[in-house]
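Remarks on the overall topology
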Amino acid sequence: MDQDPVAKSLALFAARCADPATAIYGRLFALHPEAEALFLMDPGGHVRGQMLAIAFEALLDGGDRLVGLVGIERMNHVNIGVPPALFDGFLGLLRDVVRSVLGTDWTPTMAQAWKARLRILGSDT
Ligand code: HEM
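Okay, so let's go over this structure. Bear in mind that the values here come from a model prediction, so they are computed numbers and not experimental data. (Residues numbered from 1 in each chain as written. Predicted model: local features only at pLDDT ≥ 70, side-chain atom pairs only at ≥ 80, totals over all residues. Heavy atoms only, no water.)

Glancing now at the side chain of Asp 42. Mapped onto the elements of the fold, Asp 42 is located in the loop between helix H2 (20–31) and helix H3 (46–61). Look at Asp 42 and you get buried, because its relative accessible area is 3%. Of the polar contacts made by the side chain of Asp 42, one reaches the backbone nitrogen of Val 47; its length is 3.0 Å. (Helix = DSSP H or I, 4+ residues; strand = E, 2+ residues; numbered from the N terminus. Buried < 20%, exposed > 50% of the residue type's maximum accessible area, 1.4 Å probe, protein only. Polar contact = N/O pair within 3.5 Å; in protein donor to acceptor, adjacent residues only side chain to side chain.)

This is the structure in structure tokens:
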């Protein structure tokens, strides 16, 4: 059976990236330095870890329940000072980190599958 290309890329990423959270949040804070202050109450990284877990789950699943959950989080995040544009850029940023870790193993099929999954989840690409 063919594996979902998004799942395949995330499995390779997990195998090759020793510390996904540092790679992903490092990029987020490099591009949006103002976002770092939002996590001052999360010194141990539990909230960041949970957020990533939901993002990965939504990417792997792509079903209605997770699409709904991401939609609810988009609204919740406005209340904690995360504008929708920043929220919507997060999954694309995650894709960029995965792509750069995979290097030459990143395929056009993966790129297409990510684009479709991000569209389902309402994120910019
Ligand atoms: C697809 C995009 C995102 C999803 C699905 C998501 C999901 C979540 C979830 C489920 C939590 C609760 C975690 C917990 O307390 O256990 C959370 C918390 C949080 N997220 Fe996100 N998030 C996303 C994007 C972002 C972005 C782009 C930022 C800001 C740069 C952000 C900032 C935060 C902050 C500051 C909290 C802690 C809120 C609090 O408890 O005060 N999130 N996120």
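So much for the structure itself; the text now carries on.
A few words on the site of the ligand. Close to the ligand lie 17 residues; Phe 39, Gln 50, Met 51, His 77 and Phe 87 are nearest. In this structure, a nitrogen atom belonging to the ligand sits 2.8 Å away from a side-chain N or O atom of His 77. Most atoms of the ligand, that is more than half of them, are within 2 Å of grid points of the largest pocket. In terms of residue class, the shell around the ligand is made up of 14 nonpolar, two polar and one charged. (Near = heavy atom within 4 Å. 1 Å grid on protein atoms, 1.4 Å probe; cavity = no way out; pocket = protein on both sides within 12 Å on 5 of 7 lines; lining within 4 Å. Sits in = over half its atoms within 2 Å of the grid points. Nonpolar A, V, L, I, M, F, W, Y, C, P; charged D, E, K, R; others polar.)

Attention now moves to the packing of helix H1 (residues 5–16) against H3. One can describe the packing of H1 onto H3 by two numbers: an axis separation of 9 Å at closest approach and a directional angle of 145°. Note on packing geometry: the crossing formed by H1 with H3 is left-handed. Across the interface between the two elements, Val 6, Ala 7, Leu 10 and Phe 13 from H1 touch Phe 56, Leu 59 and Leu 60 from H3. Tallied by class, residues from the contact of H1 with H3 come to seven nonpolar, no polar and no charged. (Axes fitted to C-alpha atoms, helices over the stretch in contact; angles between N-to-C directions. Left-handed = near helix turned anticlockwise from the far one by under 90°. Contact = heavy atoms within 4.5 Å.)

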